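This is what each chain is made of:
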Amino acid sequence: MFAASDLRKGLKIQIDGQPYIITNFEFSKPGKGQALYRCKMRNMITGNQFTQTYRSNEKFEKPALEERNMEYLYNQGDEFHFMDTENYEQTFITREQLGENVNFLQDNMKLDVLFFDNKPIGVTLPIFVNLMVTVAEPWAKGDTSGNDTKPVTVETGYSLQVPPFVVEGDKIQIDTRTGAYVTRVKE
Amino acid sequence: MLDQQRLQLRAAFFQAIRIFFQDLGFLEVDTPVRQPLVIPEQNIAHVPSGTHFLQSSPELYMKRLLASGCERIFQICRCFRYGEHGRLHLEEFVMLEWYRLDADYNDLMLDCEQLFQFLGTEVAGCHFPVSLAGQWDRITVEQAFQNYCPVSVNQALQEDRFDLLLVEHIEPHLGGNIPTFLYDYPLELASLARPKASQPEVAERFELYMSGIELANGFSELTDSVQQRSRFEEEFNKMGLRDRAQRKMPEFFLRDLEKIDRAAGIAMGLDRLFMLLAGQDSLATAVTFSPDELDM
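- You'll find chain B entered in an unreviewed UniProt entry as Lysyl-tRNA synthetase (Class II), with Desulfocapsa sulfexigens given as the organism.

- The name given to chain A in an unreviewed UniProt entry is Elongation factor P, and the organism recorded there is Desulfocapsa sulfexigens.
- Looking at the Sequence similarities (unreviewed entry) heading of the UniProt record, one finds this comment for chain A: "Belongs to the elongation factor P family."
- Under the UniProt heading Function (unreviewed entry), the note attached to chain A is "Involved in peptide bond synthesis. Stimulates efficient translation and peptide-bond synthesis on native or reconstituted 70S ribosomes in vitro. Probably functions indirectly by altering the affinity of the ribosome for aminoacyl-tRNA, thus increasing their reactivity as acceptors for peptidyl transferase."

Regarding the side chain of Lys196 of chain B
Residues and elements named next belong to chain B.
Inference 1: With respect to the helices and strands, Lys196 occurs in strand E9 (residues 195-196).
Inference 2: One polar contact links Lys196 to Tyr105, side chain to side chain, over a distance of 3.4 Å.
Inference 3: Here Asp184 takes part through its side chain, which lies 2.6 Å from a polar atom of the side chain of Lys196.

A look at the state of the cysteines
Inference 1: Summed over all chains, the structure comprises zero disulfides over all chains.
Inference 2: Here Cys70 of chain B is not cross-linked by a disulfide; its sulfur's nearest cysteine counterpart is in Cys77 of chain B, at 15 Å.

Observations regarding the UniProt feature "domain: Translation elongation factor P/YeiP central" (unreviewed entry) in chain A
Inference 1: Under the UniProt annotation, the feature "domain: Translation elongation factor P/YeiP central" (unreviewed entry) is placed at residues 67-121 of chain A.
Inference 2: Along residues 67-121 of chain A the backbone is 7% helical and 56% strand, and the end-to-end C-alpha distance reaches 10 Å.

Describing the packing of helix H1 (residues 4-23) of chain B against helix H9 (residues 270-277) of chain B
Residues and elements named next belong to chain B.
Inference 1: Packing of H1 against H9 brings their axes to within 11 Å, and their N-to-C directions diverge by 125 degrees. Classified by the interaxial angle, the pair formed by H1 and H9 is oblique. Considering the relative orientation of H1 and H9, their crossing is right-handed. Contact residues: H1 offers Arg6, Leu9, Arg10, Phe13, Phe14 and Ile17, while H9 offers Leu270, Asp271, Leu273, Phe274 and Leu277.

Criteria and thresholds
- Counting starts from 1 at the beginning of each chain's written sequence and moves along it residue by residue.
- For naming, the first written chain is A and the first written ligand is 1, with later ones following in the order written.
- At least 70 in pLDDT is required for a residue's local features to be given in this predicted model, at least 80 for side-chain atom pairs to be given and counted, and no such filter applies to totals for whole chains, interfaces and linings, which use all residues.
- With hydrogens and water excluded, all non-hydrogen atoms of the structure serve as input to the side-chain values.
- UniProt positions are given in the numbering used here, feature names are shortened, and annotations may be inferred rather than shown by experiment.
- To qualify as a helix, a DSSP run of H or I must reach at least 4 residues; to qualify as a strand, a run of E must reach at least 2; elements of each kind are numbered from the N terminus.
- Nitrogen and oxygen atoms within 3.5 Å of one another constitute a polar contact, given that in protein one can donate a hydrogen and the other can accept it, and given that sequence-neighbouring residues count only through two side-chain atoms.
- Whenever a pair of cysteine sulfur atoms sits within 2.5 Å, that pair is classed as a disulfide.
- Structural elements are reduced to axes, namely lines fitted to C-alpha atoms, with helices fitted over the stretch in contact, and the angle between N-to-C directions of any two is expressed from 0 to 180 degrees.
- For classification purposes, angles smaller than 35 degrees are called roughly parallel, those larger than 145 roughly antiparallel, those between 65 and 115 roughly perpendicular, and all remaining angles oblique.
- The hand of a helix crossing depends on one turn: near helix anticlockwise from the far one by less than a right angle means left-handed, and clockwise means right-handed.
- Residue contacts are defined here by distance: any two heavy atoms, one from each residue, within 4.5 Å place the two residues in contact.

Next up, the structure:
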């Protein structure tokens, strides 16, 4: 259990049987009054957000969260299948649960899968991934309005802006936190 | 850590406050920071210091000075509240308190107006985020609940949600264009304040707000030591099972209180006021060293 005084940004708590992460936190206390804890929270399964102020006498359950190291295998429609690298058990996560992360999944990629109550609810990707450029228009100087970038598409179907020297068949490094181009990778 | 410019500004700010009170004939005093027993207040957690506690406010000792014959006194001192961390809260902060004999909370409100006007003209580089001109806004607690809150002040008290509703619904509206006094608090929320003669269910207590931020808490002092003793007993009951040292009756204070006829006193958070004047939005960038900058 957590007490209200344990609340802080980044803490994960359970409310009505659902796991939430605190995304914004403010302590307040009116003169001679009670301590109050204002929390903005995101549901870790549905993504829904809400704000609530708690008083010091409130208690919070710890959600049963666990991270397991797994390998991404393949997708079948909107189901993305993963295998536990220790016991070879398989499970899947839906496209909706993966959100933006779906743009950076590669076959046989090792990553952490987050389980709540033994059900997978999301993944933690490596910060950087290397992906092959599959579509890139040739870039002619003067074509654009002063922007020294052009759009490309990578092997997962994700599109992003890159410098003009990137061509089809290049491997590029992408920051999975921002989805932005980092550098061209030589292999 | 504050840069050279803000260190200069903070020093000028403290200096101007001292000049303001000295010019008005106030005596600067100091009282013990480590105290063997503390003001019985249910919502304040004290910081232990060996066999003593660090003061949450110099209130009791300053009133004993009033009882000894001081007519006007002020103090700028460090105060401590255990576990208070946030944008507007630090465990260690600077408090200004001033007390007047033969005065009530209306006199303190005038002091506040004059002090801010003085700071606005005397401290180059300090800028108030709101206008100080004319008479400041005044609104009773009851009226504020009627205007801004879905439930009445009485209902809020019955449901033990006064503080919650105040912070959620009322504070954001206070002091936006001009500083605002929120005044006449329910008696049960004013342990050391005098009941209002014309309206005994409220106490002559006010809080000063600027830009939705609470800066000061002042009141006409309760000087009836019998009433004060029973108010402290009520606080003890609400405190539950806290350390015994925090549940001792301050007998010297109650004895001295009988020597005071009429008085008023106020506590003002100077880090918060400086934060607003220096255009900052967190105490961390208004104090010399923020908690994150201390060796752990």
